[in-house]
Amino acid sequence: MNSVNTVLNFTHHQAGHCESGATSNLFGFYGHELSEPMAFGIGNGLYFSYIPFLKVQYAPMISFRNLPNVVFKRSAGYLGVDATVIKKFKDPDAAMLALDRNLEKGIPTGMQVGCFNLTFFPPEYRMHYNMHNIVCFGKEGDNYLISDTVMETPQHLSYEDLKRVRYAKGPFAPNGKMYWINSIPQTLDLKSAIRKGIKKTVYEMTGIPFPLVGVKGLRFMARDLKKWPKKHGNEKASFYLGQILRMNEDFGTGGAGFRFIYGAFLKESGTFLHNDELLEASDLMGKTANQWRAFTYVGARNCRNRSKPEEDYGMLGEQLLEIADMEEKVYQKIAKIKL
Amino acid sequence: MCDNSNPVYKDPRHGQSRELIYSYDKDGNFEKTVGFHGETDRVILQQAWDHFHERIQLAKDQVLAGKVSPVVYYMEKNLLDPLSLSMLSGISLWRVKRHFKPFIFNRLREKTLLKYTATFNISLDQLKKVE
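Because the structure is predicted, anything quoted here is derived from the model rather than measured.

A.B. asks: What should I look at first to understand helix H4 (residues 92-105) of chain A in this one?
C.D. replies: All names here are of chain A. With 14 residues, H4 ought to run about 20 Å at 1.5 Å a step, and its terminal C-alpha atoms sit 20 Å apart, in line with that. Residues of H4 that are buried include every one of Ala 95, Met 96, Ala 98, Leu 99, Asp 100, Asn 102 and Leu 103, and no others. On its buried face, H4 is in contact with strand S1 (6-7), strand S5 (109-113), strand S6 (132-140), strand S7 (143-147), helix H5 (159-166) and strand S9 (178-183). Note on H4: the residue one or two positions beyond its end, Gly 106, has a positive phi of about 85°.

A.B. asks: Got a minute to help me understand the confidence of the model for chain B in this structure?
C.D. replies: Detailed conclusions should not be drawn from predicted coordinates in areas where pLDDT is low. All names here are of chain B. Overall, the predicted model of chain B reaches an average pLDDT of 82, with 92% of residues at or above 70. Put simply, strand S2 (residues 30-35) is where chain B has its lowest mean pLDDT, 78, and helix H4 (residues 93-98) is where it has its highest, 92. With pLDDT under 50 throughout, residues 1-5 is counted as low confidence; its partners more than four residues away or in other chains account for seven contacts. Across the assembled chains, the prediction reports ipTM 0.79 with pTM 0.86.

A.B. asks: Any chance you could explain the interface of chain A and chain B here in plain terms?
C.D. replies: In many analyses, interface size is given as the accessible surface area lost on bringing the parts together. On the chain B side, the residues contacting the 46 residues of chain A number 42 residues. Counting across the chain A and chain B interface gives zero salt bridges. Taken together, the links from chain A to chain B amount to 10 residue pairs in polar contact (both at pLDDT 80 or more). Elements supplying a minimum of two residues to the side of chain A that touches chain B: helix H2 (36-42), helix H8 (234-250), helix H9 (259-273) and helix H10 (276-304) of chain A. In terms of residues, the side of chain A that touches chain B owes the most to one element, H10 of chain A, which gives 11 residues.

A.B. asks: Just to check I follow, could you spell out the environment of Ala 300 of chain A for this structure?
C.D. replies: Note that Ala 300 of chain A resides in helix H10. Each residue touching Ala 300 of chain A, except ones within four places of it in the same chain, is listed here: Leu 245 of chain A together with Thr 40, Val 43 and Ile 44 of chain B.

A.B. asks: In this structure, what is going on with the nonpolar core? I would like to understand it.
C.D. replies: As a rule of thumb, soluble globular proteins bury nonpolar side chains together. Counting residues in each nonpolar core, the largest one holds 119 residues, and the members touching the most others are Leu 162 and Ile 334 of chain A. The contacts of Leu 162 of chain A, once residues within four sequence positions are left out, are Met 96, Leu 99, Met 111, Ile 134, Tyr 144, Ile 146 and Leu 157 of chain A. Grouped together as the second largest cluster of nonpolar side chains are 22 residues, Tyr 74, Leu 80, Val 96 and Phe 100 of chain B included.

A.B. asks: What is the right way to read the packing of H9 of chain A against H10 of chain A from this model?
C.D. replies: Packed helix pairs are characterised by how far apart their axes lie and by the angle those axes make with each other. Residue and element names in this part refer to chain A. Between H9 and H10, the least distance of the axes is 8 Å, while the angle of their chain directions is 165°. Comparing their axes, H10 and H9 come out roughly antiparallel. Every pair of crossing elements has a handedness; the one defined by H9 and H10 is left-handed. On H10, the residues touching Arg 259, Phe 260, Tyr 262, Gly 263, Leu 266, Lys 267, Ser 269, Gly 270, Thr 271 and Leu 273 of H9 are Leu 278, Leu 279, Ala 281, Ser 282, Met 285, Gly 286, Ala 289, Asn 290, Trp 292 and Arg 293. Residue composition of the contact of H9 with H10, by class: 10 nonpolar, seven polar and three charged.

A.B. asks: Sorry if this is basic, but what is going on with the domain arrangement of chain B here?
C.D. replies: Taken domain by domain, chain B holds domain 1 (7-37) and domain 2 (41-128). Just the C-alpha atoms count here: the centres of domain 1 of chain B and domain 2 of chain B sit 35 Å apart.

A.B. asks: What exactly am I supposed to notice about the pairing of S9 of chain A here?
C.D. replies: Residues in a regular strand project their side chains so that they alternate between the two faces of the sheet. Residue and element names in this part refer to chain A. Summarising the sheet, strand S4 (residues 82-86) and S9 pair through five bridges and their orientation is antiparallel. Looking at the pairing, Thr 84 lines up with Trp 180 of S9. In this sheet, S9 lies alongside S5 in antiparallel orientation, the contact comprising two bridges. Bridge pairing in S9 places Gly 110 opposite Tyr 179.

What counts, and where the lines are drawn
Residues numbered from 1 in each chain as written. Chains lettered and ligands numbered in written order. Predicted model: local features only at pLDDT ≥ 70, side-chain atom pairs only at ≥ 80, totals over all residues. Heavy atoms only, no water. Helix = DSSP H or I, 4+ residues; strand = E, 2+ residues; numbered from the N terminus. Expected span 1.5 Å × (residues − 1). Buried < 20%, exposed > 50% of the residue type's maximum accessible area, 1.4 Å probe, protein only. Contact = heavy atoms within 4.5 Å. pLDDT = per-residue confidence, 0-100. Salt bridge = Lys/Arg side-chain N within 4 Å of Asp/Glu carboxyl O. Polar contact = N/O pair within 3.5 Å; in protein donor to acceptor, adjacent residues only side chain to side chain. Core = buried A, V, L, I, M, F, W, Y, C linked by side-chain atoms within 4.5 Å. Axes fitted to C-alpha atoms, helices over the stretch in contact; angles between N-to-C directions. Parallel < 35°, antiparallel > 145°, perpendicular 65-115°, else oblique. Left-handed = near helix turned anticlockwise from the far one by under 90°. Nonpolar A, V, L, I, M, F, W, Y, C, P; charged D, E, K, R; others polar. Domains from an automatic or database assignment. Pairing = 2+ DSSP bridges.

Here it is, written out as structure tokens:
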């Protein structure tokens, strides 16, 4: 441990999605205004996967976000930004030393961390969730200055605590992963980045030939949802349903499983490129997101009174299938747009 | 600042922070608002915590009845499952499961116990009993 005392001139903005928020803040540090929805859309934050055989916190794994670090890596790649990602440090102390060196050089550094031991984090969210992202932008004595996009203001974290959260264990363990930007070109080619981002998102949501990912995964889950009360009993089915809703609504999503943010991205790129079709697609996406919110509302009512008739799950499944159809239309629409 | 008008949360520390929430209105604007979570979000989060507290209470009762070792209680308290506990402590999974039996746990060496105390961040005396 060497004693560094540096505080970088880093502006913290609150965001809906941790990684795109961190990316947008990092771009902001280098003088480029990249809004959160823009970083999210270009970096393919939109995703869906349902893995029933992998249990996280006693419920099937449901993810509305892409794998960790995809958003940063892709948005940097598509925009032609020189960025470094170090996937893994074997030695925790080496990982902390690398962070200190970066701060000495004046580079704000993003990190993947686990939520459970984050001392400043809201207590209701402190579960074992390993795909959270924070940016470290300074050190005062033993305390690191942390920009966490869930929180309203920058936070402090001690050396030991930071080491602990960077080496949280479990599925998708962070292993001390860190990333930063080396240099940014004067002008960013947003148009081609938007084109690449949309193409990749459409592929990931509709094109992957695997039944548990994208729109297909959504339909798979909807069909499974109908069977849950018979298969697991009302209590467990209600908990599993709650898991869908928690992943959808609460874990740093800005609501409705990022569909609002993606709609905002389509709208922003539509106004930027003067493309009416993108604006129409954004309207459809917004409506889909509102459907998601309605689904959450009905589902939460079910979670409140645990013993409900089984038809309720049938109805919820139908609602999910409807949402899947609506989403597929949006992806088919934006796939045809020529940019 | 906190919103106490909504009594869904049972733990008073919950629901104290404001978050960024997106929404889509009829005029076609995506709006960002900073605010507390609504009732639906509180219900589903509280459901998860109820589930965890139930498990912790069950583990506590079983430890006091002498059916399982205190490792189970501290595992549940840290919201872990046997696999994550084994990854976290560096003790292999089958050994972790073996240590759930009180008879095996009582004759463990201090070296092994210290691995558990480091994982749960507690002292040796605390590990041997349930408060």
